[in-house]
Amino acid sequence: AELAAFIDDYILSAAEGVLAARKSSETSETEEPSADAVKVALRVMARAADGGGDRLLRCRREWKVLTGKSSHLPQWLEPRVRAFIERYEAHGDAVCSQCADADDSDLRAAYLEMAAEVSKASEKGNSWLTPLGCLRKQQEIFNGQAAGRAWVCKAPHAARGEGLQVHSDLQQLLQDAAFRKARGQQWNCAVQKYIEQALTLPPEGYKTDLRLWVLVFSWNPCVIFAHAGPYFRIAGQPLSFKKGKAGLDRTAHLTNRPQQESENRMLLEDWLAAMESGHAGVTQQFWKSTWPCMLDGVRLAVLATQAAVATDSEDLRRSRTNKQYGPRCFELFGFDFALDVNLKPWLLEANVTPDMLPDEPEPIKTWSYTATEGLLKIVTGAQNGELKMPSAADLATKSQEQPERLLQEGSQHSEFCLRRRVLQIPERLISGFEIKDAKPWRLVFAEEPESDRALAARHCTLQSRHWGQRMGPSMSHDSVLRHRLLPLPPEEEK
């Protein structure tokens, strides 16, 4: 199921890349995609908005027009499906019966209606709430050298950038993913959409992302602090999708310190100063938009795991003879965010064991020391009563500026809707509430405790939904690849 969903996401990304390139060509000298490519892209988007059906690309010609290649089948699979390949290639560039019978005027009308909703939502910073965004949960695609087709493949058990590869070709990505093995299982890897037009540091154009330290002081009640001075990581080479003999240059895309030859970390103040030299107004936009949106992402991530963590912790505690002992401690996470050219943050991952930077050069070493001391001051101060938490009246006061939010209010909420919980926080918590003697740490979330029974019930319900969605017609990886990458007319499928 995950493999089929990924291939659909790849097709959607390629389609949006074509449409973005067409829009960009209207206002710049970039090459405009062919009329056939735009037509196929419109079909894909309209099919996705209509539920996707069996496949988003339904013949050889559509694959070739949209992606430039008629077949993305991994080499190791070709001998096993030779008969299907011969039938697939026999169609050539002919228009299949399904495409010939399609009413493109209806498809275009459906897409334009959907595009209007996307445009309207994008103006509010809320493009992921559209029907298409909910269907695929895909990230916003930006027109770049990879034309919406760049993805990252990573081993789930690796850290510090080890085993991480950036691919802009579907065949190479599938070839890489098929031979990833972890915990005795093949295809055990994480594949994530890559931002082609990532934010770069002027004037050379080096890619940059950031790490934010987050303190989860308590899971129930959920109390979260965030360090208001994240540090940035800079890639070793200018961002480029040009391939060499060894493929894409890892140092141009990976910002992990072990993957770079020299120190690549930069404090927030220095990063803002460097960005202001090439992009005036970055500092104001960062604090008004980027920072509060990052905090919303942190809140959503922590709340999404609250029920599972609290329930498992309580089960472990009850299994012990002395029930006073158990996992009641605070936790420190390292949230990694990528930034696009519009300074919009994208959550990459949350590290459960972030680098504490004990042996790093200055000024990173001092930053780490003061951040750790501030964290311990919060924890010990809350325990002995020296740290005064804000009251409801303190949080109810209005802030001077209205920061932007990651999510917008919707008309419908499910029983376990996280959007509602995040949007209902007091206004002073949106950008974080500064507590005396805790700076630069800020309180970003605090709510009343829930009963253990309510958390356990939520955890069980969400687990049941998760496994229920995974159940369905069982297909092997080979069958999924053959079905998605070698689409044949219905009469030739068997």
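Because the structure is predicted, anything quoted here is derived from the model rather than measured.

### Topic: the packing of helix α2 (residues 35-49) against helix α3 (residues 60-67)
Relative orientation of the contacting elements α2 and α3 amounts to 110 degrees, with a least axis distance of 8 Å. What the angle tells us is that α2 and α3 run roughly perpendicular. When the axes of α2 and α3 are compared, the crossing they make is left-handed. Between α2 and α3, the residues in contact are D36, A37, V40, A41, R43, V44 and R47 and R61, E62, V65 and L66, respectively. Here the contact of α2 with α3 is composed, by residue class, of six nonpolar, no polar and five charged.

### Points about helix α8 (residues 170-178)
Across the nine residues that make up α8, a large majority, seven, are buried. Restricting attention to buried positions, one finds in α8 the residues L170, Q171, L173, L174, D176, A177 and A178. Near the N-terminus of α8, the side chain that reaches the backbone nitrogen of Q171, with its oxygen 3.1 Å away, is that of D169.

### Here we look at the pattern of salt bridges
Enumeration over the complete set of coordinates arrives at 24 salt bridges. Across the salt bridge formed by R484 and D8, the nearest N and O atoms sit 3.3 Å from each other. With a gap of 476 residues between them, R484 in helix α15 (residues 477-485) and D8 in helix α1 (residues 2-25) connect regions that are remote in the sequence. Its relative accessible area of 14% is what places R484 among the buried residues.

### Focus on the packing of aromatic side chains
Here the structure, examined in full by the defined rule, presents 15 aromatic pairs. Geometrically, the ring pair formed by F232 and W271 is stacked, given 4.0 Å between the ring centres and 5 degrees between the ring planes. On the criterion of sequence distance, the pair formed by F232 in strand β9 (residues 231-238) and W271 in helix α9 (residues 268-276) is long-range, its members being 39 residues apart. With a relative accessible area of 0%, W271 lands in the buried category. An aromatic cluster is built from F232, W271, F286, W287 and W291, whose rings are joined through pairwise contacts. Positioned above the aromatic ring of F84 is the side chain of R87, whose terminal nitrogen or guanidinium carbon lies 4.7 Å from the ring centre.

### Digging into α3
Taken as a whole, α3 has its buried residues at R60, E62, W63, L66 and T67. Viewed end-on, α3 has its buried residues packed into an arc of 165 degrees, placing them on one side of the element. Phi turns positive one or two residues past the end of α3, at G68, with a value near 85 degrees.

Rules used in this analysis
Residues numbered from 1 in each chain as written. Predicted model: local features only at pLDDT ≥ 70, side-chain atom pairs only at ≥ 80, totals over all residues. Heavy atoms only, no water. Axes fitted to C-alpha atoms, helices over the stretch in contact; angles between N-to-C directions. Helix = DSSP H or I, 4+ residues; strand = E, 2+ residues; numbered from the N terminus. Parallel < 35°, antiparallel > 145°, perpendicular 65-115°, else oblique. Left-handed = near helix turned anticlockwise from the far one by under 90°. Contact = heavy atoms within 4.5 Å. Nonpolar A, V, L, I, M, F, W, Y, C, P; charged D, E, K, R; others polar. Buried < 20%, exposed > 50% of the residue type's maximum accessible area, 1.4 Å probe, protein only. Polar contact = N/O pair within 3.5 Å; in protein donor to acceptor, adjacent residues only side chain to side chain. Salt bridge = Lys/Arg side-chain N within 4 Å of Asp/Glu carboxyl O. Phe/Tyr/Trp six-rings, centres within 6.5 Å; stacked < 30°, edge-to-face > 60°. Lys NZ or Arg CZ within 6 Å of the ring centre and 35° of its normal. Arc of directions from axis to C-beta.

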